[in-house]
Amino acid sequence: MNLLNKYLSDYKSIIRLGLPILIGQLGMIVVGFADNIMLGRYSTEALASASFVNNMFNVAIFACMGFTYGLTPIVATLFSRGEHREIGSNVRVGLIFNILFASIVTIIMSIIYYNIERMGQPDELVPLIKPYFLIYLAGVIPVTIFSVFSQWSYGIKNTRMPMWIILAGNVLNIIGNYMLIYGHWGMPEMGLVGAGTSTLFTRVFCVVVILAIFFFKRKYSDYAHGFRYGAIKPGLIGKINRTSWPVAMQMTMESGSFTFAAIVAGWLGKIELASFQVTVIIGTLGFCIYYSIGAAVSVLVANEAGKADRKAMRRVGFAGYHVILFFALCSSTLFLLLGESLVHIFTEDMRVITTTVGILGPLVLYQLADATQINFANALRGTSKVMPMLWIAFISYIILGAPATYILAIPAGLGMFGIILSFSVSLFVAAAGFLFFFLRSTRS
């Protein structure tokens, strides 16, 4: 009871802020489920090709989103002081730098496109991969712009607005998938290309809506005024870069380790690659919850940082961990009890089903590791003292994670079981590093 009384108000604040983000994330998961169900039932080759491209772009998308996350603690700190116009000028500078960053990422992914044939994927998948890759490439900058304004909205404690936009976009995406993958309602049958086209349209739609709200809704006029006319204070550019680059690189290396795992799965064969995609999609049921709670923790820690209350910052960080652990337990129970039923939703190929069901065990262990590192990564992000995230991520995901994936999958002969098991190695090490520096940053 003492523990409950100590953290109760924080639990309520975290749930209140995190729930709209969670609903938006669940909407995206529903789209991911629908996308993969439709593709899996269209053909195993389409599902496997989507797995490769989606996991390649996870690095690009998470890098761009991570760069936008540097804005969240800045906005949240200014919001706690009531400096609304200052927030607008910060968002403008952040938008410029994020578009530049996304443009660099787009160029890098374009280079990768011209080297797809050299990446060891099954020859029959390359003709499907390349056009889907190009469509996905066109969506990198729209995703970045939407994420910038989402972080602004999260920072001012309005997590509902992006949620509604995402949900509306999700409905459009599912309808577009139905029309374009199979050729319903008079549309051409486009298969995997149709899925990509629908996703791109949805991303552009979300950008248009959130920009219209920011600039034309009276409620946000102070932010829009600051965006248009606010002066750029000395040191602002440096501050945004200091909070953005470490988070972007941390998320790049983390998602990069998953992309490397997808490549290794492709080396094992198209069945393993399709199984990897199904496993990742199922795993995102847990991830979307942890991400939502983590985003709320980051905002609330930043609010307390604006008041220089280190004791409250630490309390919020651990309250978030209690909430995330509860949901990790729920996710793990779901996977253990209903995992096989979930797999059957995505494919009728018994080879893919058998392979995926065999790796549900390490997927459960991965939930605890992922929940822990997400919570304390976001708690540390809320302090704005994020530079240690760079080398923690490098050691965890590059030095330890990627070799563990290869060794367990191929030399050790564990195949897909080894790939999923290796995720827990890097995630637990990263979690320990984030926790250590969060505790040090909030020391009284």
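Source: prediction; values computed, not measured.

Basis of the calculations
Residues numbered from 1 in each chain as written. Predicted model: local features only at pLDDT ≥ 70, side-chain atom pairs only at ≥ 80, totals over all residues. Heavy atoms only, no water. Helix = DSSP H or I, 4+ residues; strand = E, 2+ residues; numbered from the N terminus. Buried < 20%, exposed > 50% of the residue type's maximum accessible area, 1.4 Å probe, protein only. Contact = heavy atoms within 4.5 Å. Areas by Shrake-Rupley, 256 points an atom, 1.4 Å probe, with all protein chains shown as cover. Axes fitted to C-alpha atoms, helices over the stretch in contact; angles between N-to-C directions. Parallel < 35°, antiparallel > 145°, perpendicular 65-115°, else oblique. Nonpolar A, V, L, I, M, F, W, Y, C, P; charged D, E, K, R; others polar. Patch = residues over 30% accessible without salt bridge, like charges linked within 9 Å, V, L, I, M, F, W, Y side chains within 5 Å. Salt bridge = Lys/Arg side-chain N within 4 Å of Asp/Glu carboxyl O. Phe/Tyr/Trp six-rings, centres within 6.5 Å; stacked < 30°, edge-to-face > 60°. Lys NZ or Arg CZ within 6 Å of the ring centre and 35° of its normal. Core = buried A, V, L, I, M, F, W, Y, C linked by side-chain atoms within 4.5 Å. Lys, Arg positive; Asp, Glu negative; His and termini not counted. Charge placed at Lys NZ, Arg CZ, Asp CG, Glu CD. Expected span 1.5 Å × (residues − 1). Polar contact = N/O pair within 3.5 Å; in protein donor to acceptor, adjacent residues only side chain to side chain.

**Overview of the overall build of the chain**
Then comes step 1: Tallying secondary structure elements over the chain gives 16 helices and zero strands in all.
Then comes step 2: Within the chain, the fraction of its 444 residues that count as buried is 60%.
Then comes step 3: Long-range contacts, defined as pairs at least 24 residues apart, comprise 84% of the intrachain contacts of the chain with a sequence gap of at least 6.
Then comes step 4: When the accessible area of the chain is evaluated, it comes to approximately 17500 Å², of which 69% is carbon and sulfur surface.

**Describing the packing of helix H3 (residues 71-80) against helix H4 (residues 84-113)**
Then comes step 1: Remark: H3 packs on H4, axes separated minimally by 9 Å, with the N-to-C direction vectors making an angle of 170°. Judged by the inter-axis angle, H3 sits roughly antiparallel to H4. For the pair formed by H3 and H4, the contact residues are Leu71, Ile74, Val75, Leu78 and Phe79 on the first element and His84, Glu86, Ile87, Asn90 and Gly94 on the second.
Then comes step 2: Classifying every residue of the contact of H3 with H4 by side-chain character gives six nonpolar, three polar and one charged.

**Details of the environment of tyrosine 136**
Then comes step 1: Secondary-structure assignment places tyrosine 136 in helix H5 (residues 126-137).
Then comes step 2: Residue tyrosine 136 is classed as buried on the basis of its relative accessible area, which comes to 14%.
Then comes step 3: For the pair tyrosine 136 and valine 53, spaced 83 residues apart in the sequence, the C-alpha separation amounts to 8.1 Å.
Then comes step 4: Ignoring any residue separated from it by four or fewer positions in sequence, one finds tyrosine 136 in contact with Val53, Asn54, Phe57, Ile61 and Arg203.

**Topic: a nonpolar patch on the surface**
Then comes step 1: Together, Trp391, Phe394, Ile395, Ile398, Ile399, Leu400, Val425 and Val429 make up a nonpolar patch on the protein surface, roughly 640 Å² of accessible area in all.
Then comes step 2: Among the elements that line the nonpolar patch, the one with the most residues is helix H15 (residues 388-409), at six residues.
Then comes step 3: Relative to the helices and strands, valine 429 is located in helix H16 (residues 415-441).

**Concerning the packing of aromatic side chains**
Then comes step 1: Going through the model one piece at a time under the given rule, you end up with 21 aromatic pairs.
Then comes step 2: Ring plane angle 75° and centroid distance 5.7 Å describe the contact between tyrosine 132 and tyrosine 136, whose orientation is recorded as edge-to-face. Placement of both tyrosine 132 and tyrosine 136 in helix H5 is noted, with a separation of four residues, approximately one turn of the helix. Of the two residues examined, tyrosine 132 and tyrosine 136, each falls in the buried class.
Then comes step 3: Site record: aromatic cluster; members linked through ring pairs are Phe149, Trp152, Phe214, Phe215, Tyr220, Tyr223 and Phe227.
Then comes step 4: Looking at lysine 130, its charged tip hangs above the ring of tyrosine 113, at a distance of 4.9 Å from the centre.

**Structural notes on the pattern of salt bridges**
Then comes step 1: Applying the stated rule across the entire model yields two salt bridges.
Then comes step 2: With its nearest N and O atoms 2.4 Å apart, the salt bridge here joins arginine 315 to aspartate 10. One end of the pair, arginine 315, is in helix H12 (residues 310-346); the other, aspartate 10, is in helix H1 (residues 2-42), with 305 residues separating them in the sequence.
Then comes step 3: Aspartate 222 is paired through a salt bridge with arginine 85; the nearest N and O atoms lie 3.7 Å apart. One end of the pair, aspartate 222, is in helix H9 (residues 221-229); the other, arginine 85, is in helix H4, and 137 residues separate them in sequence.

**Here we look at the nonpolar core**
Then comes step 1: Ranked by size, the top nonpolar core spans 104 residues in total, and within it Phe57, Phe276, Ile419, Phe423 and Phe434 carry the most contacts.
Then comes step 2: With 19 residues, helix H11 (residues 270-306) is the largest single contributor of residues to this core.
Then comes step 3: In this view, phenylalanine 434 contacts Gln250, Gln373, Phe376, Ala377, Leu380, Met389, Ile392 and Tyr397; residues no more than four positions away in its chain are not counted.
Then comes step 4: Phe146, Val148, Ile165 and Tyr220 belong to the second-largest nonpolar core, a separate cluster that totals 26 residues.

**Topic: a positive patch on the surface**
Then comes step 1: Judged by side-chain charge, Lys12, Arg16, Lys157 and Lys307 come together as a positively charged surface patch.
Then comes step 2: With respect to the element layout, lysine 157 can be found in the loop between helix H6 (140-155) and helix H7 (160-182).

**Here's the deal with H7**
Then comes step 1: Here H7 spans 33 Å end to end across 23 residues, near enough to the 33 Å set by a 1.5 Å rise per residue.
Then comes step 2: Note on H7: the residue one or two positions beyond its end, glycine 183, has a positive phi of about 80°.

**Re H3**
Then comes step 1: Most of H3 is tucked away: eight of the 10 residues are buried.
Then comes step 2: Directly after H3, the chain includes glycine 82, whose backbone phi takes a positive value near 75°.

**A short note on the environment of asparagine 378**
Then comes step 1: Following the sequence through the fold, asparagine 378 ends up in helix H14 (residues 360-382).
Then comes step 2: For asparagine 378, a relative accessible area of 10% corresponds to the buried category.
Then comes step 3: In the structure, asparagine 378 is positioned 61 residues away from glycine 317 in sequence and 8.5 Å away in space, judged by C-alpha atoms.
Then comes step 4: Beyond its immediate sequence surroundings of up to four residues, asparagine 378 is in contact with Gly294, Ala295 and Ser298.
Then comes step 5: Reaching out from asparagine 378, the side chain makes a polar contact with the backbone oxygen of isoleucine 374 at a distance of 2.8 Å.
Then comes step 6: A polar side-chain atom of asparagine 378 sits 2.6 Å from a polar atom in the side chain of arginine 381.

Such coordinate-based values are descriptive only and should not be taken to indicate function.
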